[in-house]
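Spelled out from the first residue to the last, the chains are:
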Amino acid sequence: MRLSGQSILVTGATGAIGQAICRALVVEGASVVVHYGRNRAAAEALVKALDGRGRAVSADLSDPAGPERLWEGALAAAGRLTGLVNNAGIRSEVAIDAPMAEWQRVWAREMRVNFLSAVDLSKLAIEHFRANGGGRIVNMASRAGQRGYTSGAMAYGASKAALINLTKSIAQSHGHEGVTAVALAPGWVRTEMAEAYIAEHGEAAALAGIPIARMADPQEIGEITAFAFRPSQASLNGAVLDVNGGSYMR
């Protein structure tokens, strides 16, 4: 059990990727704090499936007070945390010729949920980790954060690019304190977000440019997240792990 003794907070844990991450971490021996926003039923069902290795905590990460509320709840549930997965995220679209008020609203919410909540949680995690023997942060970035994104969803790509920079900054600034950080950069993963895109644009559009001709399965993301938390993988500090079927530059 390579993650035995670890206690890890996973944000956005009721989505397909979040659930897969929680399951993979528990299989490796960790305990998890399952964050959810509104879907209490899904969180409770996941906790039940984790056989006593999970606790659920609710918080609204679109609220600036949400991250601190979540962290306090996670500490109350776990006692001590050794890891954080900033997985919560949304993908919104807004046309370049939309009214300025709508444009700003979409960008503000996207950055708040996808990036600024991770910033605040990372601050709290770093303070906790360096006072308690170290810890690791895994940030769920995206291929979109590395190569840019479509005009209507630039906010999503920008938020993910910011997460990559945050990861590298934490790695450089706090690695010597035993606080390490890794980013994952998936391409399309078979989730509700992907299905919504397919419903609008067609599956061929989603698969275009992926050499293996398929989306990643959430389980793949869960497995690589658990791998990134292994104590033996400290040298991954600052790495961005591509999980995109070979489509990075396409």
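Residues numbered from 1 in each chain as written. Predicted model: local features only at pLDDT ≥ 70, side-chain atom pairs only at ≥ 80, totals over all residues. Heavy atoms only, no water.

### Quick look at the pairing of strand E4 (residues 83-86)
Okay, so step 1: Alternating positions in E4 separate into two faces, Gly83 and Val85 on one and Leu84 and Asn86 on the other, with burial throughout.
Okay, so step 2: Where strand E1 (residues 7-10) lies against E4, three bridges are found, and the strand directions are parallel. What sits directly across from Ile8, in E4, is Gly83.
Okay, so step 3: Where E4 lies against strand E5 (residues 135-140), four bridges are found, and the strand directions are parallel. Bridged to Gly83 within E5 is Arg136.
Okay, so step 4: Chirality of the crossover, the property in question, places the unit of E4, helix H4 (residues 100-131) and E5 among those that are right-handed. (Buried < 20%, exposed > 50% of the residue type's maximum accessible area, 1.4 Å probe, protein only. Helix = DSSP H or I, 4+ residues; strand = E, 2+ residues; numbered from the N terminus. Pairing = 2+ DSSP bridges. Right-handed = clockwise from strand over helix to strand, strands pointing away.)

### Side note on the pattern of salt bridges
Charged atoms that come close allow side chains of opposite charge to pair.
Okay, so step 1: This structure, assessed with the given rule, holds 10 salt bridges.
Okay, so step 2: Glu220 is paired through a salt bridge with Arg214; the nearest N and O atoms lie 2.9 Å apart.
Okay, so step 3: Ionic contacts of the salt-bridge type, sharing partners, join the residues Arg190, Glu195 and Glu203 into one network. (Salt bridge = Lys/Arg side-chain N within 4 Å of Asp/Glu carboxyl O.)

### What about the layout of surface pockets?
Okay, so step 1: In this structure, the largest pocket spans a volume of roughly 1200 Å³.
Okay, so step 2: Taken together, 40 residues make up the lining of the largest pocket; nearest its centre are Gly15, Ala88, Gly89, Ile90 and Met193.
Okay, so step 3: For the lining of the largest pocket, the secondary structure elements donating two or more residues are helix H1 (16-27), strand E2 (31-36), H4, helix H5 (144-147), helix H6 (154-174) and helix H7 (192-201).
Okay, so step 4: Looking at the lining of the largest pocket residue by residue, the class counts come to 18 nonpolar, 14 polar and eight charged.
Okay, so step 5: By volume, the second largest pocket amounts to about 190 Å³. (1 Å grid on protein atoms, 1.4 Å probe; cavity = no way out; pocket = protein on both sides within 12 Å on 5 of 7 lines; lining within 4 Å. Points joined across faces, edges and corners; volume = space filled by probe spheres on them. Nonpolar A, V, L, I, M, F, W, Y, C, P; charged D, E, K, R; others polar.)

### A few points about the sheet that holds strand E7 (residues 240-243)
Okay, so step 1: The strand order E3-E2-E1-E4-E5-E6-E7 describes an open sheet built from seven strands, whose pairing is parallel. The sheet is open, and its two edges are formed by strand E3 (54-58) and E7, each paired on a single side. Averaged over all pairs of adjacent strands, the angle between their axes in this sheet comes to 20°, without regard to strand direction.
Okay, so step 2: Where E2 meets E3, five bridges bridge the pair, whose relative direction is parallel. The partner of Val34 across the bridge, within E3, is Ala56.
Okay, so step 3: The strands touched by helix H2 (residues 40-49) within the sheet are E2 and E3, with E2 carrying the most contacts at an inclination of about 170°.
Okay, so step 4: Across the sheet, helix H3 (residues 66-78) lies against E1, E2 and E3, angled at about 155° from E3, the strand it touches most. (Axes fitted to C-alpha atoms, helices over the stretch in contact; angles between N-to-C directions. Contact = heavy atoms within 4.5 Å.)

### Overview of the nonpolar core
Okay, so step 1: Among the nonpolar cores identified, the biggest contains 33 residues, and Val10, Cys22, Leu25 and Val34 are the most heavily contacted of them.
Okay, so step 2: Take this core: its biggest share by element is six residues, from H1.
Okay, so step 3: Dropping the residues within four chain positions of it, Leu25 is found in contact with Leu3, Ile8, Val10, Ala30, Val32, Ala226 and Phe229.
Okay, so step 4: Formed by 26 residues, the second largest nonpolar core is a distinct cluster that contains Leu61, Leu70, Trp71 and Ala88. (Core = buried A, V, L, I, M, F, W, Y, C linked by side-chain atoms within 4.5 Å.)

### Some thoughts on the packing of aromatic side chains
Okay, so step 1: On inspection of all chains with the given rule, the structure shows three aromatic pairs.
Okay, so step 2: Between Trp103 and Trp107 the ring centres are 5.7 Å apart and the planes differ by 40°, which places this aromatic pair in the tilted class. In this pair, Trp103 and Trp107 both sit in helix H4, four residues apart, roughly one turn of the helix.
Okay, so step 3: Overall, Trp107 belongs to the partly exposed group, its relative accessible area being 24%. (Phe/Tyr/Trp six-rings, centres within 6.5 Å; stacked < 30°, edge-to-face > 60°.)

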